[in-house]
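The lines below spell out each chain.
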Amino acid sequence: MKTPNYHDFYQKALIPIGFNDLLALKEYESYDLDSPFTHWLFAVEGVQLPQAKIYFHWKVSIYPSNCDGDFIWKKPFYCSPIMISMDHAHELACSLVTSSKLDKLSTLNLQEKIS
């Protein structure tokens, strides 16, 4: 897995993981029992295109995190498909944040769910 582009990594505020979402998270192979996660870290990430001129597409990633914002970048809970527009990525991130605040993130049909 390629190292993430933290230069174009736009993190939103941490959101506490709800009870139902935490139960679902513990079902995933990527869940680390030694690092108890308490929050979701939502990020809009730039994905640089392989061309001479620097140009980005965007994706939304959700990482389990602790209350200090520590997360394991190799183990996202979700990565969206690549989007041409940063605005669309931001809109999706806001929608997912709303679902997480309602403790319903795990009930969404996330197409690119990582497990």
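It should be emphasised that the depicted structure is a prediction, and the values quoted were computed from it without experimental measurement.

Our next topic: the overall build of the protein. A tally of regular secondary structure across the protein gives two helices and five strands. Starting at the N terminus and ending at the C terminus, the protein contains elements arranged as β-β-α-β-β-β-α. Within the protein, the fraction of its 115 residues that count as buried is 41%. At a minimum sequence separation of 6, the contacts of the protein that also span at least 24 residues come to 62%. Here the protein has roughly 7,000 Å² of accessible surface; of this, 54% comes from carbon and sulfur atoms.

To continue, consider the packing of aromatic side chains. Applying the stated criterion across every chain, the model contains six aromatic pairs. Seen in terms of ring centroids, Y10 and W58 are 6.1 Å apart; in terms of plane orientation they differ by 45°. Their pairing is tilted. With Y10 in strand β1 (residues 9-11) and W58 in strand β4 (residues 56-65), this pair connects stretches of sequence that are 48 residues apart. Judged by relative accessible area, which is 37%, Y10 ranks as partly exposed. Given the relative accessible area of 10%, W58 is considered buried. Every member of this aromatic cluster is reached through a ring pair, and the members are F9, Y63 and F71.

Attention now moves to the side chain of E45. Position of E45 relative to the elements: it lies in strand β3 (residues 39-48). Among buried Asp, Glu, Lys and Arg side chains, E45 stands out as unpaired, with K59 the closest opposite charge at 4.5 Å. In terms of polar contacts, E45 uses its side chain to reach the side chain of Y63, at 3.0 Å.

The next thing to look at is the nonpolar core. For soluble globular proteins, nonpolar side chains are generally found buried alongside one another. If you look at the biggest cluster of nonpolar residues, it comprises 20 residues, and the most contacted ones within it are W40, F42, I62, F77, L96 and L105. At the level of elements, β3, β4 and α2 (86-101) are the ones that each hand at least two residues to this core.

Our focus in this paragraph is unusual backbone geometry. Phi at D103 takes a positive value of approximately 60°, unusual for a residue other than glycine. Of note, D103 is situated in the segment after α2.

Quick look at the environment of L23 now. By the element assignment, L23 lies in helix α1 (residues 19-25). Between the alpha carbons of L23 and S106 there is a distance of 9.0 Å; along the sequence they are 83 residues apart.

Within a regular strand, the side chains alternate between the two sheet faces. In terms of burial, β4 is a largely internal element, nine of the 10 residues being buried. Bridge count between β4 and strand β5 (residues 78-79): two bridges; the pairing is antiparallel. What sits directly across from I62, in β5, is Y78.

Let us look at the confidence of the model for the protein. Put simply, the protein has an average pLDDT of 83, and 82% of its residues get 70 or more. Mean pLDDT across the elements of the protein bottoms out in β1 (84) and peaks in strand β2 (residues 15-16) (96). When the criterion is pLDDT under 50, residues 111-115 qualifies, and its contacts beyond four places in sequence or with other chains add up to 18 contacts.

The rules we used
- Residues numbered from 1 in each chain as written.
- Predicted model: local features only at pLDDT ≥ 70, side-chain atom pairs only at ≥ 80, totals over all residues.
- Heavy atoms only, no water.
- Helix = DSSP H or I, 4+ residues; strand = E, 2+ residues; numbered from the N terminus.
- Buried < 20%, exposed > 50% of the residue type's maximum accessible area, 1.4 Å probe, protein only.
- Contact = heavy atoms within 4.5 Å.
- Areas by Shrake-Rupley, 256 points an atom, 1.4 Å probe, with all protein chains shown as cover.
- Phe/Tyr/Trp six-rings, centres within 6.5 Å; stacked < 30°, edge-to-face > 60°.
- Lys, Arg positive; Asp, Glu negative; His and termini not counted.
- Salt bridge = Lys/Arg side-chain N within 4 Å of Asp/Glu carboxyl O.
- Polar contact = N/O pair within 3.5 Å; in protein donor to acceptor, adjacent residues only side chain to side chain.
- Core = buried A, V, L, I, M, F, W, Y, C linked by side-chain atoms within 4.5 Å.
- Pairing = 2+ DSSP bridges.
- pLDDT = per-residue confidence, 0-100.

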